[in-house]
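Okay, here's what each chain looks like letter by letter:
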Amino acid sequence: RRSSDLRAGHRHQERPGAHHGRLYQGSLAKAAIIGGVEPDPGTFPFLAYIVDKRGEEVSFCTGTVLSVNVILTAGHCAEDTETGLINEPSGYAIVTGNVEWTSSARQVTGVSKVIVYPGYSRSQATADAALLVLSAPITAPSISLATWPSDSPALEAGKLALLAGWGKTYYE
């Protein structure tokens, strides 16, 4: 399997002290999903494949379409993880419209602005969120966001959640 394959998997809250599916950075436990299953075409039309190319370095992240011109992604995908400097918008290419990111049935657009959530903490790996404002509108549908209080039963700790995104299919 390629390390950039789209995967989907369920994640649930583990009992305290469980070590399965966790990566450790110092004493901080971090959730990790490795593996998953390849989804059928059209399953996640609201996903965005984020390519960040700066010089010779290229990285990839997953984003979620919030509107025709805004993508939600992780904060660590929007800044230099060592210095904390926000990445230049011109380094991004956003691919939407197809989970098979090399398909011809896709849309590619640039980014005009990068907004890292002010509460993001690199050292604690908390509040890891950012917005990418697109340079042109896209046609991919946006995700339906959960609302409070109508969706509150689904937002309780310990409930199953479906996660999808491009990432490693193995851990080294």
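Residues numbered from 1 in each chain as written. Predicted model: local features only at pLDDT ≥ 70, side-chain atom pairs only at ≥ 80, totals over all residues. Heavy atoms only, no water.

*Asks:* How should the overall build of the protein be read in this particular structure?
*Replies:* Counting its secondary structure elements, the protein contains zero helices and 11 strands. Relative to its full complement of 172 residues, the protein shows a buried share of 33%. Considering only intrachain contacts with a sequence separation of at least 6, the fraction spanning at least 24 residues in the protein is 62%. For the protein, the exposed surface amounts to about 10600 Å²; the carbon and sulfur share of it is 55%. (Helix = DSSP H or I, 4+ residues; strand = E, 2+ residues; numbered from the N terminus. Buried < 20%, exposed > 50% of the residue type's maximum accessible area, 1.4 Å probe, protein only. Contact = heavy atoms within 4.5 Å. Areas by Shrake-Rupley, 256 points an atom, 1.4 Å probe, with all protein chains shown as cover.)

*Asks:* What is the right way to look at the pairing of strand β6 (residues 70–73) in this model?
*Replies:* Consecutive residues of a regular strand have side chains that alternate between opposite faces of the sheet. Sheet topology places strand β5 (residues 57–67) next to β6; three bridges connect them, and they run antiparallel. In the sheet register, valine 65 faces β6, and the bridge partner there is isoleucine 71. In this antiparallel pair of consecutive strands, β5 and β6, the connection spans two residues. Sheet topology note: the β6/strand β10 (residues 130–134) ladder contains four bridges and is antiparallel. Within β10, the position partnered with leucine 72 by the bridge is leucine 131. (Pairing = 2+ DSSP bridges.)

*Asks:* Got a minute to help me understand the nonpolar core in this structure?
*Replies:* For soluble globular proteins, nonpolar side chains are generally found buried alongside one another. Counting residues in each nonpolar core, the largest one holds 19 residues, and the members touching the most others are Ile50, Ile71, Tyr92, Ile94, Val111, Val114 and Leu132. Secondary-structure elements contributing two or more residues to this core are β4 (47–54), β5, β7 (92–96), β9 (111–116) and β10. Apart from the residues lying within four places of it in its own chain, the contact partners of valine 111 are Pro89, Ser90, Tyr92, Ile94, Leu132, Val133, Leu134 and Ser135. With six residues, the next largest nonpolar core counts Leu47, Tyr49, Val95 and Trp166 among its residues. (Core = buried A, V, L, I, M, F, W, Y, C linked by side-chain atoms within 4.5 Å.)

*Asks:* In this structure, what is going on with the state of the cysteines? I would like to understand it.
*Replies:* Disulfides are covalent bonds that link the sulfur atoms of two cysteine residues. Enumeration over the complete set of coordinates arrives at one disulfide. Across the disulfide from cysteine 61 sits cysteine 77; the S-S distance is 1.9 Å. When the S-S torsion is -85°, as for the bridge of cysteine 61 with cysteine 77, the disulfide is left-handed. Pair noted here: cysteine 61 is in strand β5 and cysteine 77 is in the loop between β6 and β7, with a separation of 16 residues, a long-range link. (Disulfide = S-S within 2.5 Å.)

*Asks:* Which parts of the structure should I look at to understand unusual backbone geometry?
*Replies:* Glycine aside, residues mostly have negative phi, and peptide bonds are mostly found in the trans state. In this structure, proline 149 follows tryptophan 148 across a cis peptide bond, with omega equal to 10°. Looking at the element boundaries, proline 149 is found in the loop between β10 and β11 (161–166). Here the phi dihedral of alanine 125 falls at roughly 55°; this positive angle occurs in a residue that is not glycine. Within the element layout of this structure, alanine 125 appears in the loop between β9 and β10. Given the relative accessible area of 31%, alanine 125 is considered partly exposed. Not every positive phi belongs to a glycine, and alanine 127 is a case in point at roughly 50°. Note on placement: alanine 127 falls in the loop between β9 and β10.

*Asks:* Got a minute to help me understand the environment of aspartate 128 in this structure?
*Replies:* The residue aspartate 128 is located in the loop between β9 and β10 in this model. Look at aspartate 128 and you get partly exposed, because its relative accessible area is 31%. Distance in space between the C-alpha atoms of aspartate 128 and threonine 73 is 8.3 Å, their sequence separation being 55 residues. Residues within four places of aspartate 128 in sequence aside, it is in contact with Thr73, Ala74, Gly75, His76 and Tyr120. In this structure the side chain of aspartate 128 is engaged in a polar contact, spanning 2.7 Å, whose partner is the backbone nitrogen of glycine 75. Within the structure, aspartate 128 has its side chain in polar contact with the side chain of histidine 76 (distance 2.6 Å). (Polar contact = N/O pair within 3.5 Å; in protein donor to acceptor, adjacent residues only side chain to side chain.)

*Asks:* Would you take a moment to explain the sheet that holds β9 for this structure?
*Replies:* Taken in spatial order, the seven strands line up as β8-β7-β4-β5-β6-β10-β9 in an open sheet, and their pairing is antiparallel. Every other strand in the sheet has two partners, leaving β8 (107–109) and β9 as the edge strands with one partner each. Taken pair by pair, the neighbouring strands of this sheet meet at an average axis angle of 30°, ignoring direction. In terms of strand pairing, β7 meets β8 through three bridges, oriented antiparallel. Residue valine 95 lies in a different strand from β8, and its bridge partner there is valine 108. (Axes fitted to C-alpha atoms, helices over the stretch in contact; angles between N-to-C directions.)

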